[in-house]
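Fold and geometry: a report
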Amino acid sequence: MSESRHHHTPGEVIARHRHDGEHQLLYVSSGVFAVTTEHGTWVAGAQRAIWTPAQTWHEHRVHGHAQVHLLRFPPGETLFPGDRPTVIAVTPLLRELLMACTEPGLPPAEARRLRAVVRDRVRRADLAAITLPTARDPRLAHACRLVTDDLATPRTITWLARRAGTSDRQLTRLFRAEFGSTYPQWRTAVRVFHAMLALSAGASVTATAHRCGWATTSAFVDVFARTTGQTPGAYQAGERTGVPQG
């Protein structure tokens, strides 16, 4: 396993690529990385790290000034099963370990001891994925783009179906078949997902609420807390410090 740390600027995109000879564990101590594969998009920030299996095609998009800590694992050392990314919760202890592992000039003996503890803690970490699945059907994909391109404006299933060239009933079936959710459930997940990115980039709670389509800040706080287990303010504070806020 080898490690590195580097900085990325807001809006930077690392084009679609894959790593045939290594798995990667990506931790972002400041800012946010969105990792997109053919299956969906995942978020890594100060409270979440992402495991990306070897040979998985993926793209990175940077939100905010991001300090990245990257740990590489050989193909035979698989910490999580499957061919899709896995998002884990980062505790204060794991955060310090991940950052220590990527310190430049780390003595080899110390690096080996840190790596052994990281492996143990990562295997025991709680899963913490908030994922946006990728639509396969072109009608569903078009409907999803219409929503995500203008989150501030509520769109009914009838409005979307008409513009996607299908019926209300068929579009509803597509949401169920591909995402396993209703349209309102999916839209809520999308809004919370983008709210996380906005908060991590430094937007205020009120501005984020309006940008992501909530009529009131209180309604946003309620939905965000029920979805993530934290209020927007606590989440934002945790992203700044890397320490989960109660």
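Rules and cut-offs
Residues numbered from 1 in each chain as written. Predicted model: local features only at pLDDT ≥ 70, side-chain atom pairs only at ≥ 80, totals over all residues. Heavy atoms only, no water. Axes fitted to C-alpha atoms, helices over the stretch in contact; angles between N-to-C directions. Helix = DSSP H or I, 4+ residues; strand = E, 2+ residues; numbered from the N terminus. Left-handed = near helix turned anticlockwise from the far one by under 90°. Contact = heavy atoms within 4.5 Å. Nonpolar A, V, L, I, M, F, W, Y, C, P; charged D, E, K, R; others polar. Core = buried A, V, L, I, M, F, W, Y, C linked by side-chain atoms within 4.5 Å. Buried < 20%, exposed > 50% of the residue type's maximum accessible area, 1.4 Å probe, protein only. Expected span 1.5 Å × (residues − 1). Salt bridge = Lys/Arg side-chain N within 4 Å of Asp/Glu carboxyl O. Polar contact = N/O pair within 3.5 Å; in protein donor to acceptor, adjacent residues only side chain to side chain. Phe/Tyr/Trp six-rings, centres within 6.5 Å; stacked < 30°, edge-to-face > 60°. Lys NZ or Arg CZ within 6 Å of the ring centre and 35° of its normal. Arc of directions from axis to C-beta.

Bringing the packing of helix 1 (residues 92–101) against helix 2 (residues 108–124) into the picture now. At a closest axis distance of 10 Å, the pairing of helix 1 and helix 2 adopts a crossing angle of 145°. Two packed elements cross with a definite hand, and for helix 1 against helix 2 that hand is left-handed. Contacts between helix 1 and helix 2 involve Leu93, Leu94, Leu97, Leu98, Ala100 and Cys101 on the former and, on the latter, Leu114, Arg115, Val117, Val118, Arg121 and Val122. Grouping the amino acids of the contact of helix 1 with helix 2 by side-chain chemistry returns 10 nonpolar, no polar and two charged.

Formed by 36 residues in total, the largest nonpolar core has its most connected members in Leu140, Leu171, Phe175, Trp186, Phe220 and Phe224. The leading source of residues in this core is helix 6 (residues 183–200), at nine residues. Trp186 has contacts with Cys144, Val147, Thr148, Phe175, Phe179 and Ser181, leaving out every residue within four places of it along the chain. Grouped together as the second largest cluster of nonpolar side chains are 22 residues, Phe73, Leu94, Ala111 and Leu114 included.

The subject of this paragraph is helix 6. An ideal rise of 1.5 Å per residue puts 26 Å on 18 residues; helix 6 measures up with 26 Å between its terminal C-alpha atoms. Gly202 sits one or two residues past helix 6 and shows a positive phi near 105°.

A few words on the pattern of salt bridges. Scanning the model with the defined rule gives nine salt bridges in all. Across the pair Glu77 and Arg119 runs a salt bridge whose closest N-O atoms are separated by 2.1 Å. Of this pair, Glu77 sits in the loop between strand 6 (58–73) and strand 7 (86–89) while Arg119 is found in helix 2, placing the two residues 42 residues apart along the sequence. The partner of Arg139 in a salt bridge is Asp137, and the shortest N-O contact between them spans 2.9 Å. Look at Asp137 and you get buried, because its relative accessible area is 15%.

Below, the discussion takes up the side chain of Thr228. For Thr228, the position within the fold is in helix 8 (residues 217–228). Judged by its relative accessible area of 18%, Thr228 is buried. One polar contact links the side chain of Thr228 to the main-chain carbonyl oxygen of Phe224, over a distance of 2.9 Å. Of note is the side chain of Thr228, whose polar atom sits 3.1 Å from the backbone oxygen of Gln230. Once residues within four sequence positions are removed from consideration, Thr228 is found in contact with Ile130 and Val192.

Another point: the packing of aromatic side chains. Going through the model one piece at a time under the given rule, you end up with 10 aromatic pairs. Their ring planes at 65° and their centres at 5.8 Å tell us that Trp51 and Phe80 sit as a pair that is edge-to-face. Of this pair, Trp51 sits in strand 5 (residues 48–52) while Phe80 is found in the loop between strand 6 and strand 7, placing the two residues 29 residues apart along the sequence. Ring pairing ties together the aromatic residues Phe175, Phe179, Tyr183 and Trp186, which thus form one cluster. Sitting above the plane of the Trp159 ring, Arg155 keeps its charged end 4.0 Å from the centroid. Sitting over the ring of Trp214, Arg191 keeps its end group 4.1 Å from the ring centre.

Once that is clear, we can look at helix 2. The terminal C-alpha atoms of helix 2 lie 25 Å apart, and with 17 residues this matches the ideal 24 Å at 1.5 Å per residue to within 8%. The set of residues buried in helix 2 consists of Ala111, Leu114, Arg115, Val118, Arg119 and Val122. Along the axis of helix 2, the buried positions cluster into a sector of 145°, meaning they face one direction only. Turned more than 90 degrees away from the buried face of helix 2 sit Arg112, Arg113 and Arg124, all of them exposed. Each element contacted by the buried residues of helix 2 is listed here: strand 1 (2–8), strand 3 (23–37), strand 6, strand 7 and helix 1.

This part takes up the environment of Arg5. Counting through the fold element by element, Arg5 comes out in strand 1. With 65 residues separating them along the chain, Arg5 and Leu70 place their C-alpha atoms 6.0 Å apart. Those residues in contact with Arg5, other than ones at most four positions away along the chain, are Gln67, Val68, His69, Met99, Thr102 and Glu103. A polar atom in the side chain of Arg5 sits 2.7 Å from the backbone oxygen of Met99. From its side chain, Arg5 meets the backbone oxygen of Thr102 in a polar contact 3.0 Å long.

This next bit is on the environment of Cys212. Tracing the chain through its elements places Cys212 in the loop between helix 7 (205–211) and helix 8. Its relative accessible area of 2% is what places Cys212 among the buried residues. Along the primary structure Cys212 and Asp126 are separated by 86 residues, whereas in three dimensions their C-alpha atoms are 28 Å apart. Once you skip the residues sitting within four places of it in the chain, Cys212 turns out to touch Leu151, Arg191, His194 and Ala195.

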